[in-house]
Amino acid sequence: MNAPEKLKDTLNLPKTNFPMRANAVVREPARMNHWETSEVYAKMQKKNQNGPSFVLHDGPPFTNGDVHVGTALNKILKDSILRYKNARGFRTPYLPGWDCHGLPIEHKVTKKLRASKKEFDAVELRKECEEFSKSYIETQRSQFKRLGVLADWEKEYKTMNPAYEAEILRTFADFVDQGLVYRSKKPVYWSIPCQTALAEAEIEYLDHTSPSIFVRFQIKGEQDEYLVIWTTTPWTLPANLAVAVHPRETYSEVQANGSSYWIAEQRVNEFTQECGFSDHTIGRTCTGAELAGKATLHPFIDRDSMVVTAEYVTMDTGTGCVHIAPGHGLDDYLTGLEHDLEIYCPLDDGGKYLDDGQIPKELVGLSVLEKADGSKANHAVLEILTSSGALLAQKQYNHQYPHCWRSKSPVIFRAMDQWFVSLDKEDLRTRCINGLKEVSFTPEWGRNRIHGFLEARPDWCISRQRSWGVPIPVFFDDDGNVLLDSKLIEFLAAKISQDGCNLWFSQTAEELLAGYELPDSWKGRKLTKGQDTLDVWIDSGCSHRAVLRENEEVSCPADLYLEGSDQHRGWFQSSLWTSMVSTQSAPYRRILTHGFVVNGEGKKISKSDGKPQTADSFVTKYGADVLRLWVCSEDFRRDIPLSDEILEQAVRAYRTLRNTLRFQLGALHDFSQAEHLVPIEQMSPIDLWTLGKTNDLIREVTDACEKYEFHRAIQCLNRFCSGILSSTYHDVIKDRLYTLDPNDPLRRSTQSALTKVFETLIKLIGPFTPYIADEAWAFGQSGEEYCKDSLSLQDWPKEIDLGAGQIAVSDVQELLDLKDSHVNEALESLRVKKEIGQSLDAWVTLCIATDSKFVEILKRRSLDELAELFIVSSVTLENLPSGEGDKVTACHASGIRCPRSWRWVPELVKVEPWGEVSPRCAEVLAKIG
RNA sequence: GGGCUCAUAGCUCAGUUGGUUAGAGCACCGUGUUGAUAACGCGGGGGUCGGUGGUUCAAGUCCACCUGGGCCCA
């Protein structure tokens, strides 16, 4: 080694290859690959194989696009929790999943196939859907990995796997077995030209002109006294079964032309205008609740129509009296259920009135479908109403009306046979609600939320008229009787567990039933397959049995389900119902929910905000650690704001962290724990103080993590880097690190403490920002980019017992407080007067009263220690009388400035070949020489 | 319209069972350093705690209403 040529070269300045700039976009993927090839996930599991397990069960994302930033947030939280729990010694198996079936995929694929003008059947459609789903699984998996998510990707689950599909069917078989499944009508959107049911997503709202009519319903038992309804779908009147009024609104009796018409008070003016009443008076008034219970006569069918109350009745349009046809509207349907009305729908698949003995002869066979010249059914109904005098007024009405996305024709709401699960039979609802008592919620209000849903939801409609899903395995005979048989479903599940659900679509009923012994009463009948598929909430909702019970490394109930707060209504609930039916208990011990990502103004992010909000759009700009730091800085239980400003803040926090770690690595470049470690008992006070603060940090961060309050952990870490390290410890120790002899005990003491601080820090940030933590760890271990064992294989840091060092710690704390409150103030005033620049130019005098707490402290501490803590060249003491209070004064240091240590000393000593330096530096240089 | 929920400095967050002039980090402004330098130190400004009313000796903290967000329904 060449002799140093300049004084600066005799200093032990920081030295490290740890790059100042992350270059995360390039270097993070390399580290990700390193983790993958070195099988970090498997090693983490092996490390804790005998530890207690912590099972976080992954809610499967839907596989129809790039990973959204909200989904990224979810996966980042899961990964952070698992990395933390693993560091705490838990076995943390993580089997990620994918939700594959469902309308959005079927919709997209259908569009694509239709554009190619090819004919296709359900089997081909399903094949395309499967390919579609598979391709996005590949995309999303790689995007999740890029976020730093560690998982058992070999054992990921897919709801379209045959084995999984079989479990869905077995869940359905359990429902059937317990007598919960029944068939009933429910209105769905129906496209008459396409002869198919439509989902909300397949509906387009287009401008449409409908007849708007006011129709009177005579109150039973009263002469010339009527309720008046308003509707824009005359064709639904034959299915009218009730009239709904608002319970708390006022209704008035309008007397005109010798008759009485009951109308909501607020609607009287418009109504009388529409009807052209030149002269009318207002008679009695009452509330809607008082009208309820009366019977009215259907205007042209011999049938009563009851007056009922409904909260959804509005005063904006119409008459405040709503025509209810339970078979032709969702509100009507729910009102029907509430009042035990028949879900009546006298239409066939072609939208033509059926002859059921009630429909007037002149209507039977007429289609309700609207064509250019209107709907035949509407015309005929209007004719009947006109001739009977029930029609009070009529005009054309322009509004938005739902249309079929394919045929562009108006759709109708039409009740069809659906499959339902009864939620009250076998006390199922009560059992679910009780089951929640054993479940913990973060935040606690999640319990209220799911409880409300459980109490209020009507029976579960589980059938969908779709192809991309798991079929409802029922058979019909020619008379429409249904074969619903749990044994048969189990039999089919066994077949499907091998070949998948495509079997149902590609085979005939005979082929499917081959090998199954039908019940005697069903033998010999000609059977056809059912056409419906199961609600996809059953798919994901039975993951507890398809995944948690089918893989030996996990178990049920899971320790944690963690999803967005929308899943109180979705997955948390569907999982609970299915689990309660199958196993009599909830599938989770704790439910943790996060809010939704919103923009800088706190509003929901939408496509109109501009750029697509994919995880990749952020990762390719900022890197995964910055995105993760953002996630973990936010209180995720409420709305989570995201903006450029907020991400820039995460960038700055990341840079601070990076610089802090880089400084420490540089300071530790010549330190070996094996050779140089100084035991606690021999450490200097400032080092002990820092270790004390590090203990506090460990406690605070651990506490925050245990409560899943990562944002508190990040705040503690930021404060630690800034307040404890950067402005205090790092600043103080520079002098001894740089200027002392490399092996000086004081210097080695500091390096010993710094090693502990450094390792603690990177272990604490490991769950949140794994890339930089592992990078710093590798440089700390080997001085190079990678080392043998990843940081992920290290345990969570433990507090250090400082023992007798506590006294020194509190001394240092008092002196640092004095520095904050008095010393810096004195220095700043000198600086303002341009008398000093850096603090080492100063000489501080402490004026201590005889009754001051510092009297005792100063007996234990040397003035050199004080000068070091204050980062000044010298400190002297003066005594003040009791009761005076402590004072601090400062002036420019006297003597000569040492060009090596920059401290002012009375005189310099000459050392060849470097020239004049302070006596302390001279001793150091003598050893080098 | 309903259920659940949120609202503290420019930003992200603390603020224990109601009790002295509401805190932190970042940002901002000023300044020092140039041996953490696309870094670091020191100093400073900045909030009538969304609004209104109430309970109380005392409220960011309890109650009511209102305003504005979010999720889920309708």
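Residues numbered from 1 in each chain as written. Chains lettered and ligands numbered in written order. Predicted model: local features only at pLDDT ≥ 70, side-chain atom pairs only at ≥ 80, totals over all residues. Heavy atoms only, no water.

Observations concerning the overall build of chain A
Consideration 1: Along its length, chain A carries 30 helices and 36 strands.
Consideration 2: Rg of the C-alpha trace for chain A: 39 Å, well past the compact-globule value of 30 Å for 929 residues, more than 25% over.
Consideration 3: Principal axes of the C-alpha set define a box for chain A whose edges measure 125 × 75 × 50 Å.
Consideration 4: A sequence separation of at least 24 residues applies to 76% of the contacts in chain A between residues at least 6 apart.
Consideration 5: Counting every atom, chain A has about 40,200 Å² of accessible surface; 48% of that belongs to carbon and sulfur.
Consideration 6: One finds the centroid of the 108 positive side-chain charges in chain A at a distance of 4 Å from the centroid of its 134 negative side-chain charges. (Helix = DSSP H or I, 4+ residues; strand = E, 2+ residues; numbered from the N terminus. Rg over C-alpha atoms; globule rule 2.2 N^0.38 Å. Contact = heavy atoms within 4.5 Å. Areas by Shrake-Rupley, 256 points an atom, 1.4 Å probe, with all protein chains shown as cover. Lys, Arg positive; Asp, Glu negative; His and termini not counted. Charge placed at Lys NZ, Arg CZ, Asp CG, Glu CD.)

Considering the sheet that holds strand β26 (residues 560-564)
The pairing of strands in a sheet happens through backbone hydrogen bonds and is either parallel or antiparallel.
Consideration 1: In spatial order, the strands read β1-β26-β27-β19; together these four strands make up an open sheet with parallel pairing. Two strands bound the open sheet, and with one partner strand each, they are β1 (56-57) and β19 (440-442).
Consideration 2: For β1 and β26, the ladder comprises two bridges, and the chain directions are parallel. Directly across from L56, in β26, lies its bridge partner L560. (Pairing = 2+ DSSP bridges.)

Digging into the protein's contact with RNA strand B
Consideration 1: Around RNA strand B, a shell composed of 52 residues is seen, among which D331, R449, G602, E634 and H711 lie nearest.
Consideration 2: Near the protein, meaning within 4 Å, the atoms of RNA strand B are sugar or phosphate in a fraction of 78%, with bases accounting for the rest.
Consideration 3: Within the contact set of RNA strand B, a sugar or linking oxygen lies 3.0 Å away from a side-chain nitrogen or oxygen of E645.
Consideration 4: Within the contact set of RNA strand B, a base oxygen lies 3.0 Å away from a side-chain nitrogen or oxygen of Q715.
Consideration 5: When residues of the surface near RNA strand B are traced back to their parent elements, those giving at least two are α12 (446-456), α21 (644-667), α24 (710-739) and α27 (806-832).
Consideration 6: Taken together, the residues of the surface near RNA strand B sort by class into 12 nonpolar, 17 polar and 23 charged. (Near = heavy atom within 4 Å. Polar contact = N/O pair within 3.5 Å; in protein donor to acceptor, adjacent residues only side chain to side chain. Nonpolar A, V, L, I, M, F, W, Y, C, P; charged D, E, K, R; others polar.)

So, the pairing of strand β8 (residues 242-245)
Consideration 1: Residue alternation in β8 divides its side chains into two sets, A242 and A244 and V243 and V245, and both sets are buried.
Consideration 2: Pairing between β8 and strand β13 (residues 304-309): four bridges, direction parallel. Across the sheet, V245 pairs through a bridge with T309, a residue of β13. (Buried < 20%, exposed > 50% of the residue type's maximum accessible area, 1.4 Å probe, protein only.)

Remarks on the sheet that holds strand β31 (residues 874-880)
Consideration 1: Read from one edge to the other, the open sheet built from three strands follows the order β31-β30-β32, with strand pairing classed as mixed. The sheet is open, and its two edges are formed by β31 and β32 (887-892), each paired on a single side. When the angles between neighbouring strand axes are averaged without regard to direction, this sheet yields 20 degrees.
Consideration 2: Taken together, the seven bridges between strand β30 (residues 842-849) and β31 define a ladder with parallel strand orientation. Considered in β31, the bridge of I848 is made with N879.
Consideration 3: Most of the contacts of α27 go to β32, to which it runs at about 35 degrees, and overall it touches β30 and β32. (Axes fitted to C-alpha atoms, helices over the stretch in contact; angles between N-to-C directions.)

Quick notes on the nonpolar core
Consideration 1: I81, W630, L661, V701, L717, L846 and F870 are the most contacted members of the largest nonpolar core, which has 146 residues in total.
Consideration 2: For this core, the element with the highest residue contribution is α24, accounting for 14 residues.
Consideration 3: Taken together, domain 1 (13-18 + 663-801) and domain 3 (818-928) each give at least three residues to this core, which thus spans both.
Consideration 4: Ignoring anything within four residues of it in the chain, the contact list for W630 reads V69, L73, V597, I640, P641, L642, I646, L647 and A650. (Core = buried A, V, L, I, M, F, W, Y, C linked by side-chain atoms within 4.5 Å. Domains from an automatic or database assignment.)

Some points on the environment of L488
Consideration 1: Examined against the element boundaries, L488 turns out to sit in helix α13 (residues 486-499).
Consideration 2: The spacing of L488 and G435 is 53 residues in sequence and 30 Å in space, taken between C-alpha atoms.
Consideration 3: In this structure L488 touches F475, L483, L513 and Y516, once residues within four positions along its chain are discounted.

Considerations on the packing of α21 against α24
Consideration 1: Two elements in contact, α21 and α24, have axes separated by 11 Å at closest approach and are oriented at 25 degrees. Considered as vectors, α21 and α24 are oriented roughly parallel to each other. Where α21 crosses over α24, the two elements pack in a sense that is left-handed. Seen from α21, the contacting residues are A653, T656, L657, T660, F663, Q664 and A667; seen from α24, they are N718, C721, L725, H730, K734, L737 and Y738.
Consideration 2: Considered class by class, the residues forming the contact of α21 with α24 number eight nonpolar, five polar and one charged. (Parallel < 35°, antiparallel > 145°, perpendicular 65-115°, else oblique. Left-handed = near helix turned anticlockwise from the far one by under 90°.)

With respect to the domain arrangement of chain A
Consideration 1: Domain annotation for chain A reports domain 1 (13-18 + 663-801), domain 2 (205-406) and domain 3 (818-928).
Consideration 2: The C-alpha centroid of domain 3 is placed 93 Å from the C-alpha centroid of domain 2.

Overview of the pattern of salt bridges
Consideration 1: For the structure shown, the criterion picks out 60 salt bridges.
Consideration 2: Ionic pairing is found between K78 and D58, a salt bridge with its closest N-O pair at 2.6 Å. One end of the pair, K78, is in helix α3 (residues 69-87); the other, D58, is in the loop between β1 and α3, and 20 residues separate them in sequence.
Consideration 3: Ionic pairing is found between R429 and D424, a salt bridge with its closest N-O pair at 2.8 Å.
Consideration 4: Among the residues examined, D424 registers a relative accessible area of 47% and is labelled partly exposed. (Salt bridge = Lys/Arg side-chain N within 4 Å of Asp/Glu carboxyl O.)

Some thoughts on the packing of aromatic side chains
Consideration 1: Within the structure shown, the criterion is met by 24 aromatic pairs.
Consideration 2: Consider the rings of Y182 and F420, whose centres lie 5.5 Å apart with planes at 15 degrees: the pair is stacked. Highlighted residues: Y182 in strand β4 (residues 181-191) and F420 in strand β18 (residues 412-421), separated in sequence by 238 residues.
Consideration 3: We classify F420 as buried; its relative accessible area is 2%.
Consideration 4: A network of ring pairs unites the aromatic residues F214, Y226, Y261, F271 and F277 as a single cluster.
Consideration 5: A cation sits over an aromatic face here: K75 above F144, 4.4 Å from the ring centre.
Consideration 6: A cation over an aromatic ring shows up here: R146 above the ring of Y771, its NZ or CZ 5.8 Å from the ring centre. (Phe/Tyr/Trp six-rings, centres within 6.5 Å; stacked < 30°, edge-to-face > 60°. Lys NZ or Arg CZ within 6 Å of the ring centre and 35° of its normal.)

Here's the deal with helix α23 (residues 685-706)
Consideration 1: Between the first and last C-alpha of α23 there are 32 Å, a value that for 22 residues agrees with the 32 Å anticipated at 1.5 Å per step.
Consideration 2: Along α23, 16 of the 22 residues are buried, which leaves the element largely enclosed by surrounding structure.
Consideration 3: Downstream of α23 by one or two residues, Y708 has phi in the positive range, about 60 degrees. (Expected span 1.5 Å × (residues − 1).)

Looking at the environment of T755
Consideration 1: Here T755 lies in helix α25 (residues 745-765).
Consideration 2: Judged by relative accessible area, T755 falls into the buried class, the value being 7%.
Consideration 3: Along the backbone, T755 and R662 are 93 residues apart, and their C-alpha atoms lie at a distance of 13 Å.
Consideration 4: With residues near it in sequence (within four places) discarded, T755 still touches L668, F671 and Q673.

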